[in-house]
Every structure is written in C-alpha cells, then in structure tokens.
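Coordinate analysis (summary)
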Amino acid sequence: MSAVSDRLPAFPWDKLEPYKKTAAAHPDGIVDLSVGTPVDPVPELIQKALVAAADSPGYPTVWGTPELRDAITGWVERRLGARGITHRHVLPIVGSKELVAWLPTQLGLGPGDKVAFPRLAYPTYEVGARLARAEYVAYDEPTELDPAGLKLLWLNSPSNPTGKVLGKEELTRTLAWAREHGILVVSDECYLELGWEAEPVSVLHPEVNGGSHDGIVAVHSLSKRSNLAGYRAAFLAGDPAVLGPLLEIRKHGGMMTSAPTQAAVVAALGDDVHVHRQRERYAARRAALRTALLGHGFRIEHSEASLYLWATRDESCWDTVAHLAGLGILVAPGDFYGPAGDRFVRVAFTATDERVAAAVARL
C-alpha cells in the first residue's frame with residue numbers, strides 16, 4: 001500500500017488546518033470560503049425522484065438506465081449544442097473526481113506516457129498521472145507542448161481555480177493540434193453553466209470540433225449546477241471509441257452510480273428552472289464578495305466564470321490566508337493549484353447568504 005501512497009503528494013488541505021482554527025476563533029464564527037462545496041438545498045424535484053427510487057434492491061448497471069442515457073444525451077444536445085449524440089457517446093461516472101484520478105490508469109497509461117494539464121489546475125490531474133506512473137507536464141499554451149509521448153491532454157474551461165474561460169477559437173486550435181498528433185483531449189467542463197462575464201463553450205460544440213467527436217471527451221458534473229455534490233453524480237460525453245472501452249473497464253471494476261442517484265440525475269437534467277435559481281444565488285454572492293475584496297485592496301484576475309474569485313494582494317498567498325483568517329475568513333492558497341499561484345488566493349462564493357454577508361462586513 002505504501003508503494004502507491006508514496007507516489008502521491010502531501011494532501012494540501014492539511015496545511016490549512018492552523019488557519020482554519022484561527023478563523024474559527026472569530027467571535028462571530030468562521031466564514032469558510034476555502035472549498036467550493038454547495039450549501040444550498042437539493043431542489044425538491046430531485047429529492048422526490050431520489051426517494052421514489054429508494055426501493056432499489058438490485059444492482060444498477062455501470063452504463064445506467066436507458067432513461068438516464070436519454071436524459072444525458074438530451075441535455076448534451078440541448079445545453080451544449082452538440083449534434084449526433086447517441087447512448088454510445090455517453091457514460092455515467094461516480095462523481096467527476098474519481099474519473100480525473102483514475103482516467104490515466106483506465107486508459108492504460110504508464111511509464112513513458114505523458115499527461116498534460118494547465119499550469120494552474122485542479123491538483124487531481126497530477127494525482128491521476130502519478131497513480132498511473134505516467135509522466136506529467138504543466139502548460140501555459142497546449143499547442144507549444146512537445147507531442148512526443150503525450151497521450152492525454154486535459155483542458156479545463158471554466159478553470160478551477162482561476163475562472164478563466166477558453167474561447168471557441170482557442171479550443172478549435174487546440175483540438176486541431178491534438179488530433180494532428182493523435183492526442184486524446186479530455187475537457188473538464190464541470191463549471192460550464194456558471195459563466196458570469198463570458199459564455200463558456202464545450203468541446204462538443206460543432207463549431208469547435210467540426211462536427212466530429214473523434215479524440216475528444218467532455219466531463220460534466222451535477223455537483224455545482226444542481227447542488228448534488230453529496231450524490232456523486234457526473235458523466236462523460238464524447239468519442240465512443242474511448243467511452244466503449246472505458247465502459248468495459250468500469251464494469252469489471254463495479255464503478256456504478258447508485259440506482260436512486262441515477263433517477264435523481266434524470267430529474268435534474270430535465271429541469272432548467274432550479275439551475276437558473278441557483279445561478280441567481282451565486283451571482284448575488286459573487287457580486288457582494290467581489291466588491292468587498294476590491295474595496296479591501298485586492299486585485300481580481302480572470303474569474304469570468306466558475307464559483308471562485310482569483311484574488312491577490314501581491315504578496316505570498318500564505319500571508320493573505322493568514323490576514324483573512326484573522327478576520328475569521330478562510331480561503332484557499334493559490335499554490336495548492338501550482339507554483340504559479342503562489343501570490344493568489346481562491347475565494348469560493350459557496351457559503352450561505354448570511355455567511356457571505358458576514359465576510360463582506362468584516363472586509
């Protein structure tokens with residue numbers, strides 16, 4: 001077991017514990033803006049669908065029910081503008097994090113293969129490469145990478161942590177380059193429905209991929225858009241030549257979304273009203289925190305989408321973390337997402353209205 005765990009970096013969130021204690025000592029309590037975990041209720045129609053499917057004594061299937069696949073294909077075409085999506089183009093997964101962590105292994109990558117991800121990125125991209133014993137490289141511009149040995153190219157738009165959005169032209173150029181070199185593109189689009197100052201676009205859109213899904217897979221999650229982080233509900237959409245073998249591997253591994261969760265996802269993907277309501281909540285919290293941070297002397301970069309503000313006072317991120325902890329506010333240090341973030345902090349706006357108001361007042 002130690003041979004596997006030794007491949008992994010230290011769990012970064014453990015380093016935040018002393019600052020969390022400082023923030024928790026504030027007379028009015030902690031305002032935790034460090035982790036982007038939903039705090040608002042699961043929409044009632046989703047809860048009802050879950051309860052109605054609670055009597056599920058048999059094993060679910062890895063590929064999901066036909067109703068689930070219908071719901072995913074319908075949403076992908078309606079919301080992402082994709083065309084020609086069939087059941088073979090989709091695959092339910094047990095939350096997106098497990099997929100990110102285990103995809104290189106499930107693709108059969110190993111020593112001598114390379115995995116690439118953005119310079120500032122979700123740490124699990126690197127974890128996945130390490131688990132597979134593959135090499136990994138961080139990039140600023142993917143088309144400037146050395147394609148030799150590069151097997152998996154991660155895109156992330158909107159970005160975690162920065163909120164940066166890649167435009168159609170950039171996505172089209174990157175996809176064309178990857179196809180030229182036979183590199184699989186996997187686009188993490190889990191924040192796509194949370195664009196504020198930009199309209200995120202999927203790699204599945206025909207204006208990006210030229211009407212072909214060859215060599216591309218998009219990752220989507222219901223954690224943020226539907227407050228379903230506790231349900232572990234997500235899915236892949238894209239190239240059947242990639243998803244078919246993944247389905248077989250995941251069947252052998254028993255990587256099944258629970259039957260009640262599958263029913264809940266059908267309800268969630270069939271309703272846009274709750275998504276719009278949740279967006280309104282986040283938009284108000286974002287506006288309040290953004291104004292307060294700017295007034296407190298912060299500069300905010302990117303942040304045109306997602307659930308975070310990428311903020312700096314042009315000092316060490318840990319000095320900023322300590323300063324805000326003294327105000328009872330906990331944020332994530334930017335270097336959790338790569339050395340390039342060492343002068344930024346990531347501020348989530350996933351706290352309740354009351355806690356966001358408390359943070360604004362303290363700032």
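Everything here concerns the structure above.
Treat the numbers as computed from the prediction; the structure is a model and nothing was measured.

What follows concerns the overall build of the protein chain. Secondary structure assignment for the protein chain yields 13 helices and 13 strands. For the protein chain, the C-alpha radius of gyration of 20 Å lies close to 21 Å, the compact-globule estimate for 363 residues. Taken along the three principal axes of its C-alpha coordinates, the protein chain extends 55 × 50 × 45 Å. Looking at the protein chain as a whole, 55% of its 363 residues qualify as buried. For the protein chain, long-range pairs separated by at least 24 residues make up 75% of all intrachain contacts whose partners lie at least 6 apart in sequence. Taken as a whole, the protein chain presents about 15000 Å² of accessible surface, with 55% of it coming from carbon and sulfur. Of the charged side chains in the protein chain, 37 are positive and 43 negative; the average position of the first set lies 2 Å away from that of the second.

An α-helical turn contains 3.6 residues, so any two residues separated by three or four positions project in the same direction. Among the 11 residues in helix 5 (residues 96-106), eight count as buried, and that is most of the element. Burial in helix 5 covers these residues: Ser 96, Glu 98, Leu 99, Val 100, Ala 101, Leu 103, Pro 104 and Gln 106. Phi turns positive one or two residues past the end of helix 5, at Gly 108, with a value near 80 degrees.

Right, let's get into the nonpolar core. By size, the foremost hydrophobic cluster in this structure holds 66 residues, and its most contacted members are Leu 33, Trp 154 and Leu 236. Of all the elements, helix 12 (residues 317-326) adds the most residues to this core, at five residues. Formed by 41 residues, the second largest nonpolar core is a distinct cluster that contains Val 42, Leu 145, Val 203 and Leu 204.

The next thing to look at is the sheet that holds strand 10 (residues 308-312). Backbone hydrogen bonds are what pair the strands of a sheet, in a parallel or an antiparallel way. One open sheet holds the four strands; their spatial order is 9-10-13-12, and the pairing between them is antiparallel. Each edge of the sheet is formed by a strand with only one pairing partner; in this case those strands are strand 9 (299-301) and strand 12 (332-333). The sheet strands contacting helix 11 (residues 273-295) are strand 9, strand 10 and strand 13 (345-348), and the helix crosses strand 10 at an angle near 5 degrees.

Moving on: the pattern of salt bridges. Pairing between side chains of opposite charge can happen when their charged atoms approach one another. In total, this model carries 21 salt bridges according to the counting rule given. Residue Arg 355 is joined to Asp 28 by a salt bridge in which the shortest nitrogen-to-oxygen separation is 3.2 Å. Remark: Asp 28 occurs in the loop between helix 2 (17-24) and strand 1 (31-32) and Arg 355 occurs in helix 13 (residues 353-362); sequence separation between them is 327 residues. Note on Arg 355: relative accessible area 15%, which makes it buried. For Arg 79, the salt bridge identified is with Glu 193, shortest N-O distance 3.0 Å. Taken as a pair, Arg 79 in helix 4 (residues 66-80) and Glu 193 in the loop between strand 6 (184-188) and helix 8 (206-209) lie far apart in primary sequence, 114 residues in all. Judged by its relative accessible area of 9%, Glu 193 falls in the buried class.

Along the chain, Asp 188 turns up in strand 6. On the basis of relative accessible area, Asp 188 is assigned to the buried category, the value being 7%. Taking C-alpha positions, Asp 188 is 19 Å from Thr 257, a pair spaced 69 residues apart along the chain. If we skip the residues at most four places from it in the chain, Asp 188 touches Tyr 125, Leu 155, Asn 156, Ser 157 and Val 219.

Quick notes on the rules
- Residues numbered from 1 in each chain as written.
- Predicted model: local features only at pLDDT ≥ 70, side-chain atom pairs only at ≥ 80, totals over all residues.
- Heavy atoms only, no water.
- Helix = DSSP H or I, 4+ residues; strand = E, 2+ residues; numbered from the N terminus.
- Rg over C-alpha atoms; globule rule 2.2 N^0.38 Å.
- Buried < 20%, exposed > 50% of the residue type's maximum accessible area, 1.4 Å probe, protein only.
- Contact = heavy atoms within 4.5 Å.
- Areas by Shrake-Rupley, 256 points an atom, 1.4 Å probe, with all protein chains shown as cover.
- Lys, Arg positive; Asp, Glu negative; His and termini not counted.
- Charge placed at Lys NZ, Arg CZ, Asp CG, Glu CD.
- Core = buried A, V, L, I, M, F, W, Y, C linked by side-chain atoms within 4.5 Å.
- Pairing = 2+ DSSP bridges.
- Axes fitted to C-alpha atoms, helices over the stretch in contact; angles between N-to-C directions.
- Salt bridge = Lys/Arg side-chain N within 4 Å of Asp/Glu carboxyl O.

Nothing here speaks to function; it is all geometry.
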